[in-house]
Amino acid sequence: MKLLLKGGTVVDPGGGQSGPADVLIENGVISDVLSPGAGPKDADVIDVSKMTIIPGVIDIHTHLREPGFEYKETVASGTRAAAAGGVTSVACMANTDPVNDNGQITEYILEKAETTGVVRVYPVGAVSRGLSGEVLAEIGELAAAGVCALSDDGHVISNSDLMRRGMEYAVTFDLPVISHSEDMSLVADGVMNEGFVSTELGLPANPPQAEEIMIFRDVTLAQLTGARLHVAHISTAGGVEVIRRAKERGVAVTAETCPHYFTLTDDAVRTFDTNTKVNPPLRSEEDRRAVIEGLKDGTIDVIASDHAPHDIVEKAVEFSYAASGISGLETLLSLSLQLVRDGEMTLFDVVEKLTIAPARTLGLAGGTLATGVPADLTIVDTGEDWTVDPRAFFSKGKNSPFAGRSVPGRVKMTIVAGSIVYREGAIV
Amino acid sequence: MSESVEKVWERKDLLGIRDLDIWEIELILDTAESFLEISKRDIKKVPTLRGKTVITVFYEASTRTRVSFELAAKRLSADTVNISASTSSAKKGETLIDTARNLEAMAPDAIIMRHPIPGSSDLLGRHVRSSIINAGDGAHEHPTQALLDAMTIRQVKGGIAGLNISIIGDITHSRVARSNIYCLTKLGANVTIAGPATMIPTRVEEMGVRVVRTVREAIRDADVIMMLRIQRERQGKVLFPSDRDYARFFGLNLENMEEAKDDVTIMHPGPINRGVEISPEVADGPFSVILEQVTNGVAVRMAILYLLIGKGGSDEAAA
């Protein structure tokens, strides 16, 4: 079966091309990217005039919550949220219940993805058993079952020796280690960024140095072990700088940030809106600027959502008691495109952070429109603005601080392996 | 030529001082002054709030603030109900919003809440129609304390604008300090803060205060010295090494009082840790207005209840 996406503009940083082109899909893979009008006559044609065709967005930081927290999200609902956000692949974190620290759980998630999911799912295995930070998880078994990386995300591995051993063991199986970098003794009972806003609000706070210190430890351990380190959700100027210097030294480190860290600051917490509570917390304007600069100069490789859906019962409480996290899959692409709208980055560079860079970081398929690659694509109208309405999210998590915000870039169609999974507001 | 514009109190809630306009603060203080006299009568009761219901919900132990509010309500003839955390539904897992909605279903006119988490009063204010009065939310705000402090200073000094007022102690964890900083700077005072660096919050200068390193510096030019209570329960969090060390370097005593102005006024929100943040000689000395603060507390709370759930108030102010 041939499918021709006709009349659009292709932006494919992985293939190094950008401009008007038609995309031909055959048997679920990209068969060709052609000059406009040069496609075969016998193909089914989808008119994507005025649309932008990009490789399917790959989100390497998602919490699908299944097994264990199905009331917050399931593989089914989370992958639908992904599709609606133009995301064709998600790497899902291990902090489920039971924790994904053994092959059976990995297989369970993969089976759920196969039977109920609509986009590709790549499980991330735990570094430590039960995310305890004390004993190594069965990393070999996890690798054999098909995890794409290792991480105790959501929990910090405070024990430096365990982090070292986890990295060393991961090298054997060529798995990257994703770190959640916070010095928990400095975080203490902090629930927001330490700064002028926390001083005014009187909320317990943690300093940006809590992140910086732990990133420094982890890049040092990466240097020691030779492991591939990926630093999750960078939020601070200090963190960006530590990674910049580590990269200059040749350390095998990659890094990601999330839209909330380059869109919001701790000023948003003034409302005591628990949807602004994230971990690490929203930081200062100086940090926000540094994160954007880190994206621009390549210090930060990837934009990820850190999609953390929660039920209303976990957010409709006092700020300190609220769960941390933003339901982010459905706003990931648009909030990233705001960087283009604001003149901070080119469309080409932003798409790179969302497609080929995450694919390379975790060694995943896709991320480009090269011939022979699985046909995962996102078709977006970058000129159409829309207003974020969490009630309309496909995700079970309606926890978004962006409700009511007008953002650019309406996802028109999401294609996985050549099949349309999302089109104009509906899962197909 | 100035134009006289009548400003009318329209607030549903009193959540903090930060959002209050200067005219609102002055209206509360003026109203409180007019209520002071009621507490001096043989029969300390007026019918102003007859038929109104006031509920106090305290998620933290507090005797003096709760009693002060209760007396204020009773002196205005409101019916009062007190709920303490030990008997509240919080222990049974009910959320704050559910508790508030259930209380509201019993049609109170005002809910006065103390709660350990900053922003909890704001949360409540968004979910119920009753007037919410913040009686202290964590380290965030304690507006009635700041108002009673301002009232006391006005009485003693004749005004607040231009005064040098020093607040000494654990600023980081103090709602009293925050509300007072907002209130006193709005009213034109020069506010200085001092305490161990472990208790001075980040970038506090941006609140419009001067930070000094030693208590002696804070004492030297002060017209008013406001000492804060040491929270003994926080000693385990390495904020200061010992009571002894704190008393010596950050307490107010006869020795460092020699640095003070002859007409200095000493305040403390209570209860006092005698011999730690303030020595008994100073606490009970001629400059102390600690008990006047308590008296004024009832009047300020009467004023707040009157403005929120009474017939309302208005003030003439020059635009």
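**Q** Which residues make up the overall build of chain A, and what values do they have?
**A** A tally of regular secondary structure across chain A gives 14 helices and 21 strands. Relative to its length of 428 residues, chain A is compact, with a C-alpha radius of gyration of 20 Å against a globular reference of 22 Å. Principal-axis analysis of the C-alpha atoms gives chain A an extent of 65 × 45 × 45 Å. Out of the 428 residues in chain A, the part that is buried amounts to 63%. Pairs at least 24 residues apart make up 74% of the contacts formed inside chain A by residues separated by at least 6 positions. Counting every atom, chain A has about 14500 Å² of accessible surface; 50% of that belongs to carbon and sulfur. Taking the average place of the 35 positive charges on the side chains of chain A and the average place of its 59 negative ones, the gap between the two points comes to 4 Å.

**Q** For the packing of aromatic side chains, give the residues involved together with the corresponding values.
**A** Two numbers describe a pair of aromatic rings. These are the distance of the centres and the angle of the planes. Under the defined criterion, the tally for this structure stands at 5 aromatic pairs over all chains. Summarising the aromatic geometry, the rings of F35 of chain B and Y306 of chain B are spaced 5.5 Å apart at their centres and angled 80° between planes, so their arrangement reads as edge-to-face. Linking F35 of chain B in helix 1 (residues 22–36) with Y306 of chain B in helix 11 (residues 290–309), this pair joins segments that are 271 residues apart in sequence. With a relative accessible area of 14%, Y306 of chain B lands in the buried category. An aromatic cluster is built from F240, Y246 and F250 of chain B, whose rings are joined through pairwise contacts. Note that K72 of chain A overlies the ring of F69 of chain A, its terminal NZ or CZ placed 5.7 Å from the centroid. Over the face of the ring belonging to F69 of chain B we find R301 of chain B, whose NZ or CZ atom lies 4.9 Å from the ring centre.

**Q** How would you explain the confidence of the model for chain B if you had to name every residue and give the values?
**A** Residue and element names in this part refer to chain B. Chain-level pLDDT for chain B is 91 on average; 93% of the residues reach the 70-or-more range. For residues 312–319, every residue scores under 50 in pLDDT, and the model assigns this stretch 28 contacts once sequence neighbours within four places are set aside. Per the prediction output, this complex has pTM 0.93; the corresponding ipTM is 0.89.

**Q** Help me get a handle on a nonpolar patch on the surface, residues and values and all.
**A** All names here are of chain A. A surface patch of nonpolar side chains, about 320 Å² in accessible area, is lined by Y71, I312 and V313. Topologically, Y71 is positioned in the loop between strand 8 (57–62) and helix 1 (75–84). In this structure Y71 comes out as partly exposed when scored by relative accessible area, which is 43%.

**Q** Tell me about the sheet that holds strand 9 (residues 87–92) of chain A, residues and numbers included.
**A** Strand order across the open sheet formed by 8 strands is 8-9-10-11-12-15-16-17 (chain A), with parallel pairing between neighbours. The two strands at the open ends of the sheet, each matched to only one other strand, are strand 8 and strand 17 (302–303) of chain A.

**Q** Help me get a handle on the interface of chain A and chain B, residues and values and all.
**A** Taken together, the 19 residues of chain A in the interface contact 24 residues of chain B. Buried surface at the junction of chain A and chain B, summed over both partners, amounts to about 1600 Å²; 56% is from carbon and sulfur atoms. For the chain A face of the interface with chain B, the top three residues by lost area are F196, T199 and E318 of chain A, together amounting to 35%. The partner of R18 of chain B in a salt bridge is E200 of chain A, with the nearest N and O atoms 3.2 Å apart. The interface formed by chain A and chain B includes 7 residue pairs in polar contact (both at pLDDT 80 or more). Taken together, the residues of the side of chain A that touches chain B sort by class into 8 nonpolar, 6 polar and 5 charged.

**Q** How would you summarise unusual backbone geometry if you had to cite specific residues and measurements?
**A** Omega for the bond connecting E66 of chain A with P67 of chain A falls within 30 degrees of zero, at 10°, which places this linkage in the cis form. The residue after G270 of chain B, namely P271 of chain B, is reached through a cis peptide bond having omega -10°. Examined against the element boundaries, P271 of chain B turns out to sit in the loop between strand 10 (265–267) and helix 10 (280–283). Even without being glycine, F272 of chain A reaches a positive phi, approximately 60°.

**Q** So what about the pattern of salt bridges? Which residues, and what values?
**A** Residue and element names in this part refer to chain A. Applying the stated criterion across every chain, the model contains 40 salt bridges over all chains. The salt bridge involving K412 is made with E424; its shortest N-O contact spans 3.7 Å. Of this pair, K412 sits in strand 19 (residues 406–416) while E424 sits in the loop between strand 20 (419–423) and strand 21 (426–427), and the two are 12 residues apart along the sequence. Given a relative accessible area of 53%, E424 falls into the exposed group.

**Q** Hey, could you go over the pairing of strand 7 (residues 52–55) of chain A for me, with residue numbers and the actual values?
**A** All names here are of chain A. Sheet analysis places strand 2 (residues 9–12) next to strand 7, joined by 2 bridges and oriented parallel. Along strand 7, the bridge assignment pairs V10 with I53. Both strand 7 and strand 18 (residues 377–387) contribute to a ladder of 4 bridges, which runs antiparallel. What sits directly across from I53, in strand 18, is I379.

**Q** An account of the packing of helix 4 (residues 160–172) of chain A against helix 7 (residues 209–225) of chain A is needed here, citing residue identities and associated values.
**A** Residues and elements named next belong to chain A. Orientation of helix 4 relative to helix 7, taken along the N-to-C sense of each, is 45°, at an axis distance of 10 Å. In terms of their interaxial angle, helix 4 and helix 7 are classed as oblique. Here helix 4 runs over helix 7; the crossing is right-handed. Here S160, M163, R164, M167, E168 and V171 of helix 4 come into contact with helix 7, specifically with R217, D218, L221, A222, L224 and T225. Its residues assigned to classes, the contact of helix 4 with helix 7 shows 6 nonpolar, 2 polar and 4 charged.

How each quantity is defined
Residues numbered from 1 in each chain as written. Chains lettered and ligands numbered in written order. Predicted model: local features only at pLDDT ≥ 70, side-chain atom pairs only at ≥ 80, totals over all residues. Heavy atoms only, no water. Helix = DSSP H or I, 4+ residues; strand = E, 2+ residues; numbered from the N terminus. Rg over C-alpha atoms; globule rule 2.2 N^0.38 Å. Buried < 20%, exposed > 50% of the residue type's maximum accessible area, 1.4 Å probe, protein only. Contact = heavy atoms within 4.5 Å. Areas by Shrake-Rupley, 256 points an atom, 1.4 Å probe, with all protein chains shown as cover. Lys, Arg positive; Asp, Glu negative; His and termini not counted. Charge placed at Lys NZ, Arg CZ, Asp CG, Glu CD. Phe/Tyr/Trp six-rings, centres within 6.5 Å; stacked < 30°, edge-to-face > 60°. Lys NZ or Arg CZ within 6 Å of the ring centre and 35° of its normal. pLDDT = per-residue confidence, 0-100. Patch = residues over 30% accessible without salt bridge, like charges linked within 9 Å, V, L, I, M, F, W, Y side chains within 5 Å. Salt bridge = Lys/Arg side-chain N within 4 Å of Asp/Glu carboxyl O. Pairing = 2+ DSSP bridges. Buried area = accessible area lost by both parts, 1.4 Å probe. Polar contact = N/O pair within 3.5 Å; in protein donor to acceptor, adjacent residues only side chain to side chain. Nonpolar A, V, L, I, M, F, W, Y, C, P; charged D, E, K, R; others polar. Axes fitted to C-alpha atoms, helices over the stretch in contact; angles between N-to-C directions. Parallel < 35°, antiparallel > 145°, perpendicular 65-115°, else oblique. Left-handed = near helix turned anticlockwise from the far one by under 90°.

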